[in-house]
Each structure stands twice: as structure tokens, then as C-alpha cells.
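Next come the chains, spelled out residue by residue.
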Amino acid sequence: MGLTVILTPMPNIADTTMEADMDDIDEGSGGLLTMPAIVLKLTPIVCGERLDKVISRLVPQFSRSRMQQWIEAGYVTVDGQIAKTKMTAFGDETIVVQPQSAPEDEAFKPEAMDLTIVYEDEVIIVLDKPAGLVVHPAAGNWSGTLLNGLLHHFPPIAGVPRAGIVHRLDKDTSGLMVVAKTLAAHTDLVRQLQARTVKREYLALVWGSPHLNGTVDAGMGRHPRDRIKMAVLETPNAKPAVTHYQRLATGLLDRRPVSLLQCRLETGRTHQIRVHMLSIGFPLVGDALYGKQHLTSAFPRQALQACRLGLLHPTTGGVCEWSVPLPFDFSALIATAGITATDAS
């Protein structure tokens, strides 16, 4: 049976006896597995308020949404009875909260996985991320991410923000990423990204035949109606976004024209190439989020590969550049479209 803890709440809301130090408990720290029960004795000042709001105010280290989840799951009792959502407080109850761990509490843990390391030294790792690998833990993907693999590969990277990850690739985008192994390298790489001096080139297969070359200079932000999408925006909230592209070759897929593009980023907005190419009428092949009407059975993901990466080494200042070939599935796709590997080099 867990130790009973009575929290010190705001004055006159609940009794104020303290039997354990709550400062060592941090939501998301992983300590929830051994955390004791929390007992609150309410006072009349909260009469008429919603119970979840009262508890959230008294136990601020846990979010209100998490508290609501615990109430719904039966981990909160009122005078010995299971609490219900939207319950009203009367002001003389004894509340017992039994904190539970959540998937995100275990997110930042090392996990063994095969990482394709292109280059590694004392301060950076350059790797070739496969399609299907999520870069950073988030809702729906609290484990099995690149971050988990990096923590296993190089445990000291846990002391670097986001385990050294300074830029991301979408789950179904493959290719090159750089990761910082030290705080100094992380700071330097972030500054290079902000200064737009990091060279990032992609290969993309799009529907249609755009001009031989061009530039899309269009600010981006969250889609106003679909929050999982990004969009080109003409509002003060739009962030600058610039994509340069060059058409390398054309072919046919499902008897429709497709083009292999080389895209170079000046900025690195979420979904930038996917949104920019859609905005000028050339959605990426296989892009289920931005081109549902153009899906093909020939490819189950967006046809996008981070093929070349260049930067200044954080320690030596020397110019570094790496490139990787297309993965097998992308190579097979362009071959199906009648485009050769030479066109992609």
C-alpha cells in the first residue's frame, strides 16, 4: 500500500499537512511507477467547482488532461468511491489520487536498433534514416524512434537537448541527418541551420512536368482547417520558406507523367517540399497526406529522399559533405517510371 501524502495546496482550499517531499516528482520523469498515493482533504471554498479543475489546481505537477484520464480510468476516489468525470465538489470530501505512468513517461529510454551510420566522430553523427522510422517520440510513437536508438548507441547523448537531434525528416522520408553528440556541437549546428548555411538536397518524384528549374518562395504555417497539415499562407503568422528545384528527368507512372526533381532547401519548415510542390500543382508521388487523389499502388510512401548534406564541422570549421544513393524502393519506383539511376546521380 502506498504512502499517504497530503499536499500543501493554496490557502483554505484543503488541509495543509505534508508527509513527503513532492519536489522530487516531475511529470514525465519516469518516477511515476513508484510514486505514492496523494490524499487531499477539501474545504468548503471549492464547493460547486468541477472536481477535475480542483484537483488539477491542487496537484499542478500533473496536467489537467492527465488528471481527467486518471478519473476516467478509476484511479481517483471521492470518500472511497470511484470518481466520475464532470463531478462537482462539495468541499468536505477526501480525495485520493493514485498517479499512473503514461507511455510518454517511458519515451526517453535507450533502445537497441540498427542505425546506418555514414560518418561519426567525437562530436557529430551523420546517419542515413530509413523510411518508416520516426525521429522523435510523440503521440502515437512513444518508443522505437531514432531518439531511442541514439540513446542506446551513444548514452552520453542524453545530456544534449533532444538527444542531439537538430533537424528532422518525416517518418516516411528517407535519407541523411546530422546529430550532435555534445552541447557545443548542438549549439553550433543550430546556428548554422538558422543562418541557412547547411546544405540540404533532396530527390523527389512528383506528378506532372514542372519547368526545368524554379524557386518556390512562399511562407508556410499550420493549415487553418486541418491541424495535421501545413500549408502555404499569406498571413503575418506565415514563416518564410524557400525551395529551389531542378527537373532531372521525366517518365510515366500509371500512364501519367512524373518528374524526378532535385530540391534544395534554404529553410527547413515541416513538410516544406511536400507543401511547396503541391502549391504549384506537382504533388509528390505516394504522398497520402497531401495528394490522396493521386495515390498509386506503385509506392506506399512519399517519394522523397534527403540525398546530400553539407555543413561546417562544429569543431574544425572544415567543409563537410555527404551523399547517399536512393534506397531500393525509390530506385525501383523510378525504374518503373522509365527513369535511370544515372538521372538521379
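Quick caveat, the model's predicted, so the values are computed rather than measured.

Chemist: How would you explain unusual backbone geometry if you had to name every residue and give the values?
Modeler: For Asp79, which is not glycine, the phi torsion reads 50° and is therefore positive. By the secondary structure assignment, Asp79 is in the loop between β3 (76-78) and β4 (81-82).

Chemist: Describe the packing of helix α1 (residues 51-58) against helix α2 (residues 64-73), naming the residues involved and giving the relevant values.
Modeler: Remark: α1 packs on α2, axes separated minimally by 9 Å, with the N-to-C direction vectors making an angle of 125°. Taken together, the axis directions place α1 and α2 in an arrangement best described as oblique. The handedness of the crossing between α1 and α2 is right-handed. For the pair formed by α1 and α2, the contact residues are Asp52, Lys53, Ile55 and Ser56 on the first element and Arg64, Met67, Gln68 and Ile71 on the second.

Chemist: Account for the pattern of salt bridges, with residues named and values stated.
Modeler: Counted according to the given criterion, the structure contains 13 salt bridges. Put simply, Arg50 and Asp52 hold a salt bridge, and the shortest N to O gap is 2.8 Å. One salt bridge in this structure joins Arg196 and Glu266, with 3.7 Å as the shortest N-O distance. With Arg196 in the loop between α4 (183-194) and β9 (199-207) and Glu266 in the loop between β14 (256-265) and α5 (272-279), this pair connects stretches of sequence that are 70 residues apart. Among the charged side chains, a network of salt bridges with common partners joins Lys199, Glu201, Arg308 and Glu321.

Chemist: Outline the confidence of the model for the chain, supporting the account with residue identities and numerical values.
Modeler: Regions with low pLDDT carry predicted coordinates that are not meant to be interpreted in detail. Per-chain confidence: the chain averages 86 in pLDDT, with 88% of residues scoring 70 or above. Confidence scores differ between elements of the chain, with strand β1 (residues 5-6) showing the lowest mean pLDDT of 38 and strand β7 (residues 124-129) the highest of 98. Predicted confidence is poor over residues 1-34, with pLDDT under 50, and the contacts of this stretch with residues over four places away or in other chains come to 74 contacts.

Chemist: I'd like to hear about the packing of aromatic side chains, residue by residue, with values.
Modeler: In this structure the tally under the stated criterion is three aromatic pairs. Seen in terms of ring centroids, Phe62 and Trp70 are 5.0 Å apart; in terms of plane orientation they differ by 70°. Their pairing is edge-to-face. Both residues of the pair, Phe62 and Trp70, belong to the buried class. Across from the ring centre of Trp207, 3.8 Å away, lies the NZ or CZ of Arg256, which sits over that ring.

Reading the values: rules and limits
Each residue is numbered by its place in its chain's sequence as written, counting from 1. Confidence filtering applies because this is a predicted model: local features only for residues at pLDDT of at least 70, side-chain atom pairs given and counted only at 80 or more, and all residues used for totals across whole chains, interfaces and linings. Hydrogens and water molecules were not included; the side-chain quantities draw on all heavy atoms of the structure. A helix here means a DSSP run of H or I that spans at least four residues, while a strand means a run of E at least two residues long, and both kinds are numbered starting from the N terminus. Here the axes come from fitting lines to C-alpha atoms, over the contacting stretch only for helices, and the angles between their N-to-C directions go from 0 to 180 degrees. Orientation is classified from the angle alone, with under 35 degrees giving roughly parallel, over 145 giving roughly antiparallel, 65 to 115 giving roughly perpendicular, and any other angle giving oblique. Helix crossings are classified by the rotation of the near helix relative to the far one: an anticlockwise turn of less than a right angle makes the crossing left-handed, while a clockwise turn makes it right-handed. Whether two residues are in contact is decided by their heavy atoms, any of which lying within 4.5 Å being enough. Definition used for salt bridges: Asp or Glu carboxyl oxygen within 4 Å of a side-chain nitrogen of Lys or Arg. Within a predicted model, pLDDT stands for the predictor's per-residue confidence, ranging from 0 to 100. Centre distance within 6.5 Å is the pairing criterion for rings of Phe, Tyr and Trp, where only the six-membered ring of Trp is used; planes under 30 degrees apart are then read as stacked, over 60 as edge-to-face, and the remainder as tilted. Three labels apply to residues, based on accessible area from a 1.4 Å probe with only protein chains included: buried if under 20% of the type maximum, exposed if over 50%, partly exposed otherwise in between. Distance and angle both matter: a charge sits over a ring if NZ of Lys or CZ of Arg is within 6 Å of the ring centre and within 35 degrees of the ring normal.

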